[in-house]
Amino acid sequence: MDFSLSDEERAIRDTARSFIRKEVEPLEQEVLRRQLRHEPGLDLAELRELQLKARKFGFWGLSTPEEYGGMNLSAVLQSLIWTEVGRTFVPFRFGGEADNILYFATDEQKKEFLVPTIEGDRISCFAITEPGAGSDAANIKFAARPDGDDWILSGEKTFITNGNDADFAIVVAVTDKEKGVRGGGTTAFLVDRSMGWRSEFISTMGEGGPASLIFEDVRVPSRNILGEIGQGFELGMRWIGKGRYIIPSHALGIAERALQMAIQQANTRETFGRPIGTNQAIQWMIADSETELEAARWLILRAAWTVDQGEDPRHSSSMAKLYGAGMVNRVVDRVMQIHGGMGYTKELPIERWYRQVRLFRIFEGTDEMQRLIISRDLLRGYTQIGGNLA
Ligand SMILES: Cc1cc2nc3c(=O)[nH]c(=O)nc-3n(C[C@H](O)[C@H](O)[C@H](O)COP(=O)(O)OP(=O)(O)OC[C@H]3O[C@@H](n4cnc5c(N)ncnc54)[C@H](O)[C@@H]3O)c2cc1C
């Protein structure tokens, strides 16, 4: 058994780390100042400029195939890099990415949707959640009915990330009620905003916010079907599956940075004539955080490794998402406690993380849905205790 990184993995991870330290972290104080003015940490133009700078360092399209100009990195390397991204609270991510399911597009659609998304010229959003169907995604009602060579789309999607900025939406709609959502009765459509849908911003406790998408008899040509008719739900689950190891990888970086701050604080803040880190109460918070962080690291890397092996990653990804999301919430809470009153102010990033990471337990499958998947797999004998070592 070998828990070390290869030289190549280490070199790529270290280059990403040095880019973030040199080019992104210096913006942190400005991000905190903007937060006080209720402005986004980075606007879209600034994000793009940073992404183009990263492109010059060779960082472009972590998951994008080489034929589209990307790096086509292994899932393990993508995970390691997302952890580096998480170490800064500047809302940065590397560019050159597109939704994984856009690769199911036809050649025509690739030119119109996939390539401009990778290049950052168009913004996409993915919409499956509805006011009446979140965890129970199989209960969607958003409908598409055929009309000649077109389809007419009606309904509402909600909580859609990028929904207010997107130029086009990937929307999962019911196309055959009889077959049902799991029986091939749904289809994914690529729908330009100019075809007639509108969005309404939803204010949340985090920076920015998702949006509701409202479709009132929006006419969409058949050539805008993504994948096959009847494949919508399957594509939706593939889209969600990707995030299940990326979200905890990001969480891990946040937890690492926050814990580092707590250690510094514990060594320098004095009460009753000695550093607070000399108290067992503080030491235990640090010890528990490091232990949970390390446990999350290996669950996440195991999930990413499973993806790279071409095996079904759902069970290991659900464990990584469940544990990683909970871990970062517990760590940030302890780090705030160790900082006392200062931790609660907007002069430090801790309260910002505290609000941000709460989402990790909700979106792309709540804690409860991850538990449902993990236990269902075991109860029906699809997986066994001990995984691939069993
Ligand atoms: C900021 C943000 C961004 C998002 N981005 C997107 C996006 O880009 N695209 C998209 O399609 N969706 C997106 N979502 C939607 C997100 O995936 C859903 O909010 C999530 O799946 C939960 O669904 P819900 O909100 O309807 O909660 P519900 O499904 O109503 O669940 C409410 C509570 O009940 C629990 N629960 C439900 N069923 C069970 C059960 N059987 N057993 C035990 N507990 C259960 C849930 O875990 C949860 O705690 C986003 C949400 C947010 C907040």
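Residues numbered from 1 in each chain as written. Predicted model: local features only at pLDDT ≥ 70, side-chain atom pairs only at ≥ 80, totals over all residues. Heavy atoms only, no water.

**Section: the overall build of the protein chain**
When helices and strands are tallied, the protein chain shows 10 helices and 10 strands. Here the protein chain, with 390 residues, has 49% of them falling under the buried criterion. Across the protein chain, the fraction of contacts at a sequence separation of at least 24, relative to all contacts at a separation of at least 6, is 71%. For the protein chain, the exposed area adds up to about 19100 Å²; of that, 52% sits on carbon and sulfur atoms. Considering the protein chain, the positive charge centre built from 47 side chains and the negative charge centre built from 56 side chains are found 3 Å apart. (Helix = DSSP H or I, 4+ residues; strand = E, 2+ residues; numbered from the N terminus. Buried < 20%, exposed > 50% of the residue type's maximum accessible area, 1.4 Å probe, protein only. Contact = heavy atoms within 4.5 Å. Areas by Shrake-Rupley, 256 points an atom, 1.4 Å probe, with all protein chains shown as cover. Lys, Arg positive; Asp, Glu negative; His and termini not counted. Charge placed at Lys NZ, Arg CZ, Asp CG, Glu CD.)

**Quick notes on the side chain of Asp192**
Turning to its location among the elements, Asp192 is positioned in strand 5 (residues 186-192). Here the side chain of Asp192 touches Arg122 through a polar contact of 2.4 Å, side chain to side chain. Not counting residues up to four positions away in its chain, the partners in contact with Asp192 are Glu112, Phe113, Arg122, Asp167, Phe168 and Trp197. (Polar contact = N/O pair within 3.5 Å; in protein donor to acceptor, adjacent residues only side chain to side chain.)

**Focus on the packing of aromatic side chains**
Per the stated rule, a full pass over the model turns up 14 aromatic pairs. Among the aromatic side chains, those forming a connected cluster through ring pairs are Phe19, Phe57, Phe59, Phe92 and Phe94. Directly above the ring of Trp60 sits Arg55, whose terminal nitrogen or CZ lies 4.0 Å from the centroid. Sitting above the plane of the Tyr323 ring, Arg330 keeps its charged end 5.5 Å from the centroid. (Phe/Tyr/Trp six-rings, centres within 6.5 Å; stacked < 30°, edge-to-face > 60°. Lys NZ or Arg CZ within 6 Å of the ring centre and 35° of its normal.)

**A closer look at the site of the ligand**
For the ligand, the set of nearby residues contains 17 residues, the closest of which are Thr129, Ser135, Phe159, Thr366 and Glu368. Interatomic distance of 2.7 Å between a side-chain N/O atom of Ser135 and an oxygen atom of the ligand. One nitrogen or oxygen atom from the side chain of Glu368 is found 2.7 Å from an oxygen atom belonging to the ligand. Burial of the ligand by the protein amounts to 64% of the accessible area it has alone, namely 970 Å². Among the elements of the structure, strand 1 (124-127), strand 3 (150-160) and helix 10 (367-379) are those that each provide at least two residues to the shell around the ligand. The residue inventory of the shell around the ligand, partitioned by class, reads 10 nonpolar, 5 polar and 2 charged. (Near = heavy atom within 4 Å. Nonpolar A, V, L, I, M, F, W, Y, C, P; charged D, E, K, R; others polar.)

**Quick notes on the packing of helix 1 (residues 7-24) against helix 4 (residues 75-86)**
When two helices pack together, their arrangement is given by the angle between their axes and by how far apart the axes lie. The geometry of helix 1 relative to helix 4 is characterised by a closest axis approach of 9 Å and an angle of 25° between their N-to-C directions. Classified by the angle between their axes, helix 1 and helix 4 sit roughly parallel to one another. Classified by chirality, the crossing of helix 4 by helix 1 is right-handed. Between helix 1 and helix 4, the contacting residues are Glu9, Ile12, Arg13, Ala16, Arg17 and Ile20 on the first element and Val76, Leu77, Leu80, Ile81, Glu84 and Val85 on the second. Looking at side-chain class alone, the contact of helix 1 with helix 4 contains 8 nonpolar, no polar and 4 charged residues. (Axes fitted to C-alpha atoms, helices over the stretch in contact; angles between N-to-C directions. Parallel < 35°, antiparallel > 145°, perpendicular 65-115°, else oblique. Left-handed = near helix turned anticlockwise from the far one by under 90°.)

**Re the layout of surface pockets**
Looking at the second largest pocket, its volume works out to about 730 Å³. Every residue lining the second largest pocket is counted, 26 residues in all, and those nearest its centre are Asp2, Phe3, Trp298, Leu301 and Arg302. Breaking the lining of the second largest pocket down by element, the ones donating at least two residues are helix 1, helix 4, helix 6 (232-268) and helix 7 (280-308). Considered class by class, the residues forming the lining of the second largest pocket number 11 nonpolar, 5 polar and 10 charged. (1 Å grid on protein atoms, 1.4 Å probe; cavity = no way out; pocket = protein on both sides within 12 Å on 5 of 7 lines; lining within 4 Å. Points joined across faces, edges and corners; volume = space filled by probe spheres on them.)

**Describing the nonpolar core**
Ranked by size, the top nonpolar core spans 62 residues in total, and within it Phe59, Phe94 and Val328 carry the most contacts. If you list the elements that add at least two residues to this core, you get helix 1, helix 2 (28-36), helix 3 (44-56), helix 4, helix 6, helix 7, helix 8 (314-343) and helix 9 (350-358). For this core, the element with the highest residue contribution is helix 6, accounting for 12 residues. If near-sequence neighbours (up to four positions away) are discounted, Val328 is found in contact with Ala251, Ile254, Ala255, Val357 and Phe360. Grouped together as the second largest cluster of nonpolar side chains are 25 residues, Phe113, Ile140, Leu190 and Leu235 included. (Core = buried A, V, L, I, M, F, W, Y, C linked by side-chain atoms within 4.5 Å.)

**Some words on helix 4**
With 12 residues, helix 4 extends 16 Å between its outermost C-alpha atoms, agreeing within 8% with the 16 Å of an ideal straight helix rising 1.5 Å per residue. Along helix 4, the residues classified as buried are Ala75, Val76, Leu77, Gln78, Ser79, Leu80, Ile81, Trp82, Thr83, Glu84, Val85 and Gly86. Contacts made by the buried residues of helix 4 are with helix 1, helix 6 and helix 7. (Expected span 1.5 Å × (residues − 1).)

**Focus: unusual backbone geometry**
The general pattern is negative phi for most residues beyond glycine and trans for most peptide bonds. One non-glycine residue, His38, adopts positive backbone phi at about 60°. Note on placement: His38 falls in the loop between helix 2 and helix 3. The exposure class of His38 is exposed, given its relative accessible area of 74%. Notably, Asn72 is not glycine yet its phi reads approximately 50°, a positive angle.

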